[in-house]
Amino acid sequence: LIQALIVFQRTLAEWYGAAATASVVVNSSCSGADQMALCLGVTLAYPVAWSRRLAGAAGGLVLILVLNTVRIGTLLTTAPTPDLFNALHLYVWPAVLMVAVLVYVLGWIRWADGGALRPSSTLVRFGATAALCLLVYAALVPWAFSSVLVQRAGAWTAQAGDVLLSFTGTVSARGSLLITPRGVYQVTQECLLTPLIPLYLAAAVTFPERRSRQVLALAAAVPLFLALGVFRLLVLAAPPSIIDAPVLVVHGFFQLALGTLLIAVAAV
């Protein structure tokens, strides 16, 4: 279990820019398991409702995983500078982790006892849920970007784009490749996955008042983002008189979609 925890955190750290180096050995002492044990011991033993105990334990685990992954990344990055590495490894990060756990547990106890940290408005709940969903998304990205299932979804997206543009007689698809008069484009895992997905999921479980509407919104996520992925491909086949630089528009498609949505919400 500890080894799997280490591999998971090191993979994330290296994916987000930490340079792999043979001079740093990431072993069981780097897993954060001791801080996790202390946090779980307090949150699961504290005499409040079990729903609050489990919520506190889950929140603590997420906090420690994030901080410890950053810790591993900084240690890998500072390996060429022994003095800085030793300072971070022996003094700074152990203190940061323990203080973070202490502050979190004290804050959780205050909330669990009905203190000042009470759930606030819908917008605050959305912010907390969105932050958690984005963390999960960030943790899954290294594996999702190499997923065969997501790759198949990319091939389906290219085929759907081919069907929609078949009337032009100039667009065809071969697997995940979309062949257009302006070039050949491959629909990869990176083309389908976007941080808008966790933001949408957070909104789906926060804003609808009825549980049935929440379920409906969650069920609509897959067809909605597949449809956006197909629509995004249509830009590649647009003539130069309409879109001069289709690759730029495609790569910024979801940002443009989010900007449009924010303007619409602000207008309403």
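Use the structure listed above.
Calculation notes
Residues numbered from 1 in each chain as written. Predicted model: local features only at pLDDT ≥ 70, side-chain atom pairs only at ≥ 80, totals over all residues. Heavy atoms only, no water. Helix = DSSP H or I, 4+ residues; strand = E, 2+ residues; numbered from the N terminus. Expected span 1.5 Å × (residues − 1). Buried < 20%, exposed > 50% of the residue type's maximum accessible area, 1.4 Å probe, protein only. Arc of directions from axis to C-beta. Axes fitted to C-alpha atoms, helices over the stretch in contact; angles between N-to-C directions. Parallel < 35°, antiparallel > 145°, perpendicular 65-115°, else oblique. Left-handed = near helix turned anticlockwise from the far one by under 90°. Pairing = 2+ DSSP bridges. Core = buried A, V, L, I, M, F, W, Y, C linked by side-chain atoms within 4.5 Å. Contact = heavy atoms within 4.5 Å. Patch = residues over 30% accessible without salt bridge, like charges linked within 9 Å, V, L, I, M, F, W, Y side chains within 5 Å. Areas by Shrake-Rupley, 256 points an atom, 1.4 Å probe, with all protein chains shown as cover. Salt bridge = Lys/Arg side-chain N within 4 Å of Asp/Glu carboxyl O. Phe/Tyr/Trp six-rings, centres within 6.5 Å; stacked < 30°, edge-to-face > 60°. Lys NZ or Arg CZ within 6 Å of the ring centre and 35° of its normal.

1. Description of helix H1 (residues 2-15)
Link 1 in the chain: Given a rise of 1.5 Å per residue, 14 residues ought to cover 20 Å, and the 20 Å separating the end C-alpha atoms of H1 matches this to within 8%.
Link 2 in the chain: Where H1 is concerned, the buried positions are Leu5, Ile6, Gln9, Arg10, Leu12 and Ala13. Taken around the axis of H1, the buried residues stretch over an arc of 160°, which confines them to a single face. Opposite the buried face of H1, at more than 90 degrees from it, the exposed residues are Gln3 and Ala4.
Link 3 in the chain: Gly17 sits one or two residues past H1 and shows a positive phi near 120°.

2. Examining the packing of helix H3 (residues 50-77) against helix H4 (residues 82-112)
Link 1 in the chain: For the pair H3 and H4, interaxial distance at closest approach is 10 Å and the crossing angle is 165°. In this view, H3 runs roughly antiparallel relative to H4, as classed from their interaxial angle. Considering the relative orientation of H3 and H4, their crossing is right-handed.

3. Examining the sheet that holds strand E3 (residues 183-186)
Link 1 in the chain: On the basis of which strands lie adjacent, the open sheet formed by three strands has the order E1-E2-E3 and antiparallel pairing. Every other strand in the sheet has two partners, leaving strand E1 (172-174) and E3 as the edge strands with one partner each. On average, each strand axis in the sheet is inclined to that of its neighbour by 25°, with strand direction left out of account.
Link 2 in the chain: Sheet topology note: the E1/strand E2 (residues 177-180) ladder contains three bridges and is antiparallel. Among the inter-strand pairings, Ser172 is bridged to a residue of E2, identified as Ile179.

4. Concerning the nonpolar core
Link 1 in the chain: Formed by 21 residues in total, the largest nonpolar core has its most connected members in Leu178, Val187, Leu193, Leu233 and Leu236.
Link 2 in the chain: Looking at this core, the elements with two or more residues in it are helix H5 (122-144), helix H6 (148-164) and helix H7 (189-192).
Link 3 in the chain: At three residues, the largest contribution of residues to this core is made by H5.
Link 4 in the chain: Leu236 has contacts with Leu178, Thr180, Arg182, Tyr185, Pro246 and Val250, leaving out every residue within four places of it along the chain.
Link 5 in the chain: Among the nonpolar cores identified, the runner-up in size contains 14 residues, and Ala18, Val24, Val26 and Ile72 belong to it.

5. Points about the pairing of E3
Link 1 in the chain: By the bridge criterion, four bridges tie E2 to E3 in an arrangement that is antiparallel. Across the sheet, the residue bridging to Ile179 is Val184, located in E3.

6. Some words on the side chain of Thr78
Link 1 in the chain: Considering the arrangement of structural elements, one finds Thr78 in the loop between H3 and H4.
Link 2 in the chain: On the basis of relative accessibility, which here comes to 12%, the residue Thr78 falls in the buried class.
Link 3 in the chain: Setting aside chain neighbours within four positions, we find Thr78 in contact with Leu84, Phe85 and Leu88.

7. Notes on a nonpolar patch on the surface
Link 1 in the chain: On the surface, Leu90, Tyr91, Val92 and Val96 cluster together into a nonpolar patch covering about 390 Å² of accessible area.
Link 2 in the chain: Looking at the secondary structure, you find Val92 in helix H4.
Link 3 in the chain: The class of Val92 is partly exposed, set by a relative accessible area of 39%.

8. Notes on the packing of aromatic side chains
Link 1 in the chain: For the structure on display, the rule yields seven aromatic pairs.
Link 2 in the chain: Note on Phe8 and Trp143: the rings are 5.6 Å apart at their centroids and 10° apart in plane angle, and the pair reads as stacked. Of this pair, Phe8 sits in helix H1 while Trp143 sits in helix H5, and the two are 135 residues apart along the sequence.
Link 3 in the chain: The exposure class assigned to Trp143 is partly exposed, which follows from its relative accessible area of 39%.
Link 4 in the chain: By the ring-pair criterion, three or more aromatic residues cluster together here, those being Phe231, Phe253 and Phe254.
Link 5 in the chain: Cation over ring: Arg52 sits above Trp111, and NZ or CZ is 4.7 Å from the ring centre.

9. Focus: the pattern of salt bridges
Link 1 in the chain: The final tally for this structure, using the stated rule, is one salt bridge.
Link 2 in the chain: Where Arg10 meets Glu14, a salt bridge forms, and the shortest distance between an N and an O atom there is 2.7 Å. With a gap of four residues between them, Arg10 and Glu14 both fall in helix H1, about one helical turn apart.
Link 3 in the chain: Judged by relative accessible area, Glu14 falls into the partly exposed class, the value being 29%.

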